[in-house]
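Structure assessment
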Amino acid sequence: MLFFYEPAQNLLCSFAIFERFLINTPKVCSLFDTTRLSRYKGVDGGKIYLSILGNVFDVTEGRRFYGPGGSYSGFSGRDASRSFITGLFDEENLTDHVSDMDPNDLIGLDTWINTYKKKYKEIGKLIGRYYDSSGKETDYCKLVFEKIKSSKMAKVAKNEEMAKYPSCNIEYVQENQKSKVWCTKLSGGIQRNWIGVPRKLQSLDENGKLSIRCACVQLDTLSKAELMHINEYEDCDANATTCYVTIS
C-alpha cells in the first residue's frame, strides 16, 4: 500500500514513508522534491500545490488565484515563502530562505501558514531546506520556527510594555524648536483610567536593541528596579503632564 501511495511517488520518498511508518512517527504524509512539486501548477486543469516553510498544501480549489494567469500563480509549484511577505516575485524573493527576515516578518509567515492550514488541505512536506529525505525537520527548519516562537514572545512582551508604559502624544513646535510631549487617558492609543507623566523610557526594540522613547508612567506604581529605566526630561516639572523637550 505504501509503495502505491501515489503513482508519481519515487522510490526514495516511498522508502522514507515506509521508514517513518516503522518507527511510529506522527502522521505519515507524502514527500515532494522540487521537481515533483513543480508539476503541480494547474496546467491544463491539473492540481495546484504550493509550499510554505516546507509544508505542502493543495490549493486547487483556489484555481482562479493560483492557477495559470492568476494573481498568486507565482506561488504555485514551489516554495516561495519569502514572497509571501515581500509581495515580490523576482528570483531574489521566489525562495524559501527566510531566516534573515525581521521578527515581524517571521510572525507574518507564521500567520500565513496557520491560515493555509485552516483553509486548505496539507498534503506533505518538501524535501530540501526544511525537511530531509525522511520528512524530518532540518536544523534550518528548527532555527526558523525557534525564531518565530521567540519573535511572538517578544511581541507579547512589547504589547505588555506598551500597556504599562503607553507612548506620549508628540508634536513638534516650530516657534521654540522643541517637541511638545503630553499624556492623556488615550495617549499611545491605550485607553485607561489614569493619565501619567512624560518620561524617557529605556527599552528594547523588536530587534533587541536599546532604544529610548517618551512614555506616560504612573510613578507611584513602579518598583525601584523599574524606575532605573526611567528618566525625567530636563526643564520639565516632575509632576507635569505636558512638557516641551528636545528629542534627538
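Residues numbered from 1 in each chain as written. Predicted model: local features only at pLDDT ≥ 70, side-chain atom pairs only at ≥ 80, totals over all residues. Heavy atoms only, no water.

Looking at the packing of aromatic side chains
Counted under the stated rule, the structure contains 16 aromatic pairs. Look at Tyr72 and Phe75: their rings are 6.1 Å apart centre to centre, the planes differ by 45°, and that puts the pair in the tilted class. Looking at Tyr72, the relative accessible area reads 39%, which means it is partly exposed. One aromatic cluster in this structure is built from Phe57, Phe65, Tyr66, Tyr72, Phe75, Phe84, Phe89, Trp112, Tyr116 and Tyr120. The ring of Trp182 has Lys180 lying over it, and the distance from NZ or CZ to the ring centre is 4.5 Å. One cation-aromatic arrangement involves Arg192 over Trp194; the distance from NZ or CZ to the ring centre is 4.6 Å. (Phe/Tyr/Trp six-rings, centres within 6.5 Å; stacked < 30°, edge-to-face > 60°. Buried < 20%, exposed > 50% of the residue type's maximum accessible area, 1.4 Å probe, protein only. Lys NZ or Arg CZ within 6 Å of the ring centre and 35° of its normal.)

What to know about the confidence of the model for the chain
Caution applies to low-pLDDT parts of the model: their predicted coordinates are not meant to be read in detail. Across the chain, the average pLDDT comes to 88, with 87% of residues at or above 70. Across the chain, the element-wise mean pLDDT spans from 51 in helix 1 (residues 11-22) up to 98 in strand 2 (residues 49-52). Of the regions scoring below 50 in pLDDT, residues 1-10 engages in 17 contacts with residues more than four places distant in sequence or in other chains. (pLDDT = per-residue confidence, 0-100. Helix = DSSP H or I, 4+ residues; strand = E, 2+ residues; numbered from the N terminus. Contact = heavy atoms within 4.5 Å.)

Here we look at the sheet that holds strand 5 (residues 169-173)
Across the sheet, which stays open at both edges, the three strands sit in the order 5-6-10 with antiparallel pairing between neighbours. Here the strands that pair on one side only, and so sit at the sheet edges, are strand 5 and strand 10 (242-245). Each strand of the sheet is rotated relative to its neighbour by a mean of 25°, with strand direction disregarded. (Pairing = 2+ DSSP bridges. Axes fitted to C-alpha atoms, helices over the stretch in contact; angles between N-to-C directions.)

Brief notes about the side chain of Asn55
Topologically, Asn55 is positioned in strand 3 (residues 55-58). Judged by its relative accessible area of 2%, Asn55 is buried. In terms of polar contacts, Asn55 uses its side chain to reach the backbone carbonyl oxygen of Leu53, at 3.0 Å. In this structure Asn55 touches Leu50, Ile113, Glu122, Gly124, Lys125 and Tyr131, once residues within four positions along its chain are discounted. (Polar contact = N/O pair within 3.5 Å; in protein donor to acceptor, adjacent residues only side chain to side chain.)

Section: the nonpolar core
Of all hydrophobic cores here, the largest spans 24 residues; its most connected members are Leu53 and Val98. Elements with a contribution of two residues or more to this core: strand 2, helix 5 (103-119) and helix 6 (139-164). Judged by nonpolar contacts, the second largest core, of eleven residues, contains Cys183, Cys216, Cys236 and Cys243. (Core = buried A, V, L, I, M, F, W, Y, C linked by side-chain atoms within 4.5 Å.)

Considering the state of the cysteines
Summed over the entire model, instances satisfying the criterion amount to three disulfides. Here Cys168 connects covalently by a disulfide to Cys214, the sulfurs 2.1 Å from one another. An S-S torsion of about -80° defines the bridge between Cys168 and Cys214 as left-handed. Separated by 46 residues along the polypeptide, Cys168 in the loop between helix 6 and strand 5 and Cys214 in strand 8 (residues 210-217) bring together distant segments of the chain. Classification of Cys168 by relative accessible area gives buried; the value is 8%. (Disulfide = S-S within 2.5 Å.)

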